[in-house]
Amino acid sequence: MDFEIIIADDNMSSTDPFVRRLEKKYPNTDVKLFSEIQKCLDYIFDNLSQKMIVFLDCKFDVGLQGIDALKQIREKTSLLYIVMMSANSPLQLPSDDIIEMINNKGIYFINNSDMSKVEEIIERIKYNWNTDFDCVFEQWILQHENEADKTFVFKGNEKYTLRMILNEIRLGTGFGKDIERIMYKSTIQSLLDSKLDD
């Protein structure tokens, strides 16, 4: 499985053209459909270390709304890509909801019926996975399995493996952010050093 596509929409079924087209276009992808926001959130939070794109319907008939789910996801992680969906124009949404979407990283908005836009966004996210730090780090781990579970010591006596470090980065913990910043600085310094050696 390349990645997961998670869809939360109470008016969509597994035979919906939206779901079927995604399954056909991305055959190595697991498409999961949830009609209840809370069940969707439970699944996401139990699998935060997985590579996934989440499609959230803005308007549910009852209970939590898409924007509520967006807020809860962002409280846990800023690394998950989210596509907000609506059959209506975003201008018909409450202004607070629009502001919430605009002020978040990795948020896209589509009209439910615009499949070409859906595929364009998925391709853009797949590109980001090849350039975003956590995704590149994960690919390195997958290619170096023998290194992935070796223990490294950071911050006093706390011990972390590379897999644990990746999880900290994905969860956006203070430690994860520190490691990411250190790695970026180290990479820049390595580039500078290699240029000086020439």
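Please read all numbers here as calculations on a predicted model, not as lab measurements.

**Student:** For this particular structure, what's the right way to read the overall build of the protein?
**Tutor:** The helix and strand inventory of the protein stands at 9 helices and 7 strands. Looking at the protein alone, contacts between residues at least 24 apart form 65% of all its contacts between residues at least 6 apart. Carbon and sulfur atoms make up 51% of the accessible area of the protein, which amounts to about 11,400 Å² in all.

**Student:** Is there a simple way to explain the pattern of salt bridges in this structure?
**Tutor:** Between side chains of opposite charge, a pair can form as their charged atoms come close. Here the structure, examined in full by the defined rule, presents 9 salt bridges. When the shortest N-O distance is used, the salt bridge between E119 and R21 registers 2.8 Å. With E119 in helix 5 (residues 115–131) and R21 in helix 1 (residues 17–25), this residue pair connects regions lying 98 residues apart in the sequence. Shared partners join several salt bridges into a network, and the residues in it are K117, E120 and R124.

**Student:** How do you make sense of the nonpolar core when you look at a structure like this?
**Tutor:** If you look at the biggest cluster of nonpolar residues, it comprises 23 residues, and the most contacted ones within it are I5, I7, F18, L22, F55 and I122. Considering each element in turn, this core owes the most residues, 6 residues, to helix 5. Not counting residues up to four positions away in its chain, the partners in contact with F55 are I5, I6, I7, A8, F18, V83, M85, I110, V118 and I122. I37, F60, I82 and M84 belong to the second largest nonpolar core, which has 22 residues in total.

So, how was this worked out
- Residues numbered from 1 in each chain as written.
- Predicted model: local features only at pLDDT ≥ 70, side-chain atom pairs only at ≥ 80, totals over all residues.
- Heavy atoms only, no water.
- Helix = DSSP H or I, 4+ residues; strand = E, 2+ residues; numbered from the N terminus.
- Contact = heavy atoms within 4.5 Å.
- Areas by Shrake-Rupley, 256 points an atom, 1.4 Å probe, with all protein chains shown as cover.
- Salt bridge = Lys/Arg side-chain N within 4 Å of Asp/Glu carboxyl O.
- Core = buried A, V, L, I, M, F, W, Y, C linked by side-chain atoms within 4.5 Å.
- Buried < 20%, exposed > 50% of the residue type's maximum accessible area, 1.4 Å probe, protein only.

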